[in-house]
Amino acid sequence: ENGTNWRSNSSNTSNSIGATDPQYENASNFCTIDKDELVSPTCDVTFQEINDINNDIRESLVSLARTDFFKYFKLDLYKPCTFWSDNNRFCVNRACAVDVVEDWDSLPDYWQPEVLGKLDDVEDTEGNKKGEDECRFLDELCVGNDNQKQFTAPDVNYCDIGDFSNSEAVLVDLSANPERFTGYGGEESAQIWSSIYKENCFSEGESGQSLAKNAFYRLVSGFHASIATHLSNEHLNTETGKWEPNLDLFMARVGNFPERVSNLYFNYAIVSKALWKIKPYLDHLTFCSSYNEDVKSMIMNIISRLDSKIFNEDLIFENELSSKVKDDFRARFKNVTQIMDCVHCDRCRLWGKVQTTGYATSLKILFELDERDEKSKQSIVDKLTKYELIALINTFDRISKSIESVNNFEKLYNTRLAGGKLAYFFQNNNFFKLLGKAQKSWTESVMMLNSSKGEEEVVLDSGEPLEEDNVPFFEDLNMPKKNSSTEGSQNKWVRAWHTEFHNFSEALRFIYRSYVDLPRNIWRISLNTMNKLWNRFIGVTYLNEEEEEPIEYKLDII
Ligand SMILES: Cc1cc2nc3c(=O)[nH]c(=O)nc-3n(C[C@H](O)[C@H](O)[C@H](O)COP(=O)(O)OP(=O)(O)OC[C@H]3O[C@@H](n4cnc5c(N)ncnc54)[C@H](O)[C@@H]3O)c2cc1C
């Protein structure tokens, strides 16, 4: 499914691009995916259809994620990593930090304890007064009925939903802590990803349904690609101090890997189908009474524009073997959510937790609602905790933002290609430039011939030579290399012209210099001859007089 070119119905893309610019002429199209192909055998939608759905709902989704109900999340930033002990390292960048909500007065009215005064004097089962602890109060806020206070039976959960009621958990305003480039990387993040892929994804030889195994991998890879898209889209430009898209970084991490782009779309299909699936049961959910209807109508408005055929969850665990595979799948995904506690960068951990919880909630909705039993379906949706719902909506927003960014990066890529082509034409096709280049190419050739090193200069993507103070920030990054052989062939007429022009001008210069130098040379030869005659006359002779470079002189005075 990844074998052909990325092209759309209304394609304004790249087939005609790069005819003359050596830097881009042979560049591949943006991403080798056909936008008109299905996203996966389990998704009856094409990449283009997902783009269209996303364009349609994007604005409403952003508004929903920014409501006071969905923009706050709670998590324990200091929960110890249970998978390995070597977890004392921290990301000390400012960008890694999370700004926790400490100023409670700044929260909207319905988050203030006194608004739910009736809770103040209510004691919970442990005899604690519920108004005393603001965090506890938030846990209870917006809970519509007693059912919701009991967590769903653990065997249907794909994450530890008790995490959010932990007494160490802090409240975070997600909108004040955007997911973007933090500088987190190196061994630390590599250890996390490697543990997720190597220890938790299914390996080839393992038994079980291949669709399920494949879905697990695609889910993780899509999550990884989404993070890479966000950090490339909001990347710190150290020259301007602004957060802006970095196309080279995006291409190196995601754009050059069609499979990763495709996995982003796969994740979009999973989360949106989960949302679509809870639509009939949303009536039972109550958000805060003051804005219950608003939030609900916003959610309904989005869900009603989604498409049920976007993902067919029934294909994943199809036969009797599946129950075991499903248990395994669930346990492995739970591990992935817990590995987030090992992430050293707080900001990355925050978004890692939000998104793995969002995917876990989607998986629970997709795979644990018993199709034959309406009551059980309602009950599972009723028991979704507030933090699962917040995570679900925010994960959908994140993946939707990634899809939007991929399309923006495609535009940037095409603009760069087209810009490169025009700039190349105007910059290089004037007579004085050609003369200058002829001169330069001659000087370079002479220097190359004289150079004993014969080593190729390493050039960055920007075209600058790699010097010590110019080492790329991402040393681990394999940026796409320039295709020098292509450049050579594309330049051959220009080069031939340079060579011929150079030879001709050198010949002219030689003849000119010969005439200019003639009187001087005659004078030098005469002087030399007279000198020899004089020496002979006074009786002084040189040993090896005929040699041009006598090493030693000896006076032979009789
Ligand atoms: C949970 C988590 C959240 C993070 N959040 C942020 C953040 O918000 N901001 C930030 O700047 N950094 C974040 N990071 C770090 C970021 O993901 C990278 O690890 C880091 O930028 C270093 O990137 P890298 O090029 O070394 O490769 P990595 O992204 O670390 O990838 C490691 C290896 O995995 C493979 N790989 C890469 N992408 C995929 C994919 N999509 N599918 C399959 N295989 C793949 C490649 O072989 C690659 O070499 C986060 C890391 C983690 C673990």
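Further up the page is the structure itself.
So, on to the overall build of the protein chain. Looking only at helices and strands, the protein chain features 15 helices and six strands. Of all 558 residues assigned to the protein chain, the portion counted as buried reaches 44%. Across the protein chain, every contact between residues at least 6 apart in sequence was considered, and the portion connecting residues at least 24 apart equals 78%. When the accessible surface of the protein chain is totalled, it reaches about 30,700 Å², and 52% of it is carbon and sulfur.

Our focus in this paragraph is the state of the cysteines. Taken as a whole, this structure holds two disulfides when the rule is applied. Two residues, cysteine 81 and cysteine 342, share a disulfide whose sulfurs are 2.0 Å apart. Its torsion about the S-S bond being 80 degrees, the disulfide of cysteine 81 and cysteine 342 is classed as right-handed. Within this pair, whereas cysteine 81 is found in the loop between β3 (72-75) and α2 (134-140), its partner cysteine 342 is found in the loop between α9 (322-339) and α10 (346-368), the two being separated by 261 residues in sequence.

Among the structural elements, histidine 230 can be located in helix α5 (residues 210-233). Reaching out from histidine 230, the side chain makes a polar contact with the backbone oxygen of arginine 398 at a distance of 3.1 Å. With sequence-adjacent residues up to four places away left out, histidine 230 is seen in contact with Glu179, Arg180, Arg398, Lys401 and Ser402.

Glancing now at the environment of valine 100. Mapped onto the elements, valine 100 comes out in the loop between β3 and α2. The spatial distance from the C-alpha of valine 100 to the C-alpha of alanine 176 is 9.1 Å, given a sequence separation of 76 residues. Filtering out sequence-adjacent residues up to four positions away, valine 100 remains in contact with Leu77, Val170 and Leu171.

Quick look at the pattern of salt bridges now. Counted according to the given criterion, the structure contains 21 salt bridges. Across the pair aspartate 248 and arginine 416 runs a salt bridge, and its minimum N-O distance is 3.0 Å. Within this pair, whereas aspartate 248 is found in helix α6 (residues 247-255), its partner arginine 416 is found in helix α12 (residues 386-428), the two being separated by 168 residues in sequence. Judged by relative accessible area, which is 33%, arginine 416 ranks as partly exposed. The closest approach of N and O atoms between glutamate 313 and lysine 273, which form a salt bridge, is 2.9 Å. Of this pair, glutamate 313 sits in the loop between α8 (292-303) and α9 while lysine 273 sits in helix α7 (residues 258-278); the two residues are 40 residues apart in sequence, bridging distant segments of the chain. A residue is classified by how much of its surface remains accessible, and glutamate 313, at 6% relative accessible area, is buried. The buried category is assigned to lysine 273, whose relative accessible area is 7%. Salt bridges sharing common partners tie together Arg58, Glu179, Asp397, Arg398, Lys401 and Glu404.

The next subject is the pairing of β3. The two faces of β3 match: Tyr72 and Lys74 on one face and Phe73 and Leu75 on the other face are all buried. Where β3 lies against strand β4 (residues 170-173), four bridges are found, and the strand directions are antiparallel. Each bridged residue has a counterpart across the sheet, and for leucine 75 the counterpart in β4 is valine 170.

This brings us to the environment of phenylalanine 367. Here phenylalanine 367 lies in helix α10. For phenylalanine 367 and alanine 176, which are 191 residues apart along the polypeptide, the C-alpha to C-alpha distance reads 33 Å. Not counting residues up to four positions away in its chain, the partners in contact with phenylalanine 367 are Tyr158, Glu313, Ile316, Phe317, Lys326 and Phe329.

Direction vectors running N to C along helix α1 (residues 47-65) and α7 enclose 55 degrees, while the axes themselves pass 11 Å from each other. In terms of orientation, α1 lies oblique with respect to α7. By crossing handedness, the relation of α1 to α7 is classed as left-handed. For the pair α1 and α7, contact is made by Phe47, Ile50, Asn51, Ile53, Asn54 and Ile57 and by Ser262, Tyr265, Tyr268 and Ala269, respectively. Residues belonging to the contact of α1 with α7 are distributed by class as follows: seven nonpolar, three polar and no charged.

What counts, and at which threshold
- Residues numbered from 1 in each chain as written.
- Predicted model: local features only at pLDDT ≥ 70, side-chain atom pairs only at ≥ 80, totals over all residues.
- Heavy atoms only, no water.
- Helix = DSSP H or I, 4+ residues; strand = E, 2+ residues; numbered from the N terminus.
- Buried < 20%, exposed > 50% of the residue type's maximum accessible area, 1.4 Å probe, protein only.
- Contact = heavy atoms within 4.5 Å.
- Areas by Shrake-Rupley, 256 points an atom, 1.4 Å probe, with all protein chains shown as cover.
- Disulfide = S-S within 2.5 Å.
- Polar contact = N/O pair within 3.5 Å; in protein donor to acceptor, adjacent residues only side chain to side chain.
- Salt bridge = Lys/Arg side-chain N within 4 Å of Asp/Glu carboxyl O.
- Pairing = 2+ DSSP bridges.
- Axes fitted to C-alpha atoms, helices over the stretch in contact; angles between N-to-C directions.
- Parallel < 35°, antiparallel > 145°, perpendicular 65-115°, else oblique.
- Left-handed = near helix turned anticlockwise from the far one by under 90°.
- Nonpolar A, V, L, I, M, F, W, Y, C, P; charged D, E, K, R; others polar.

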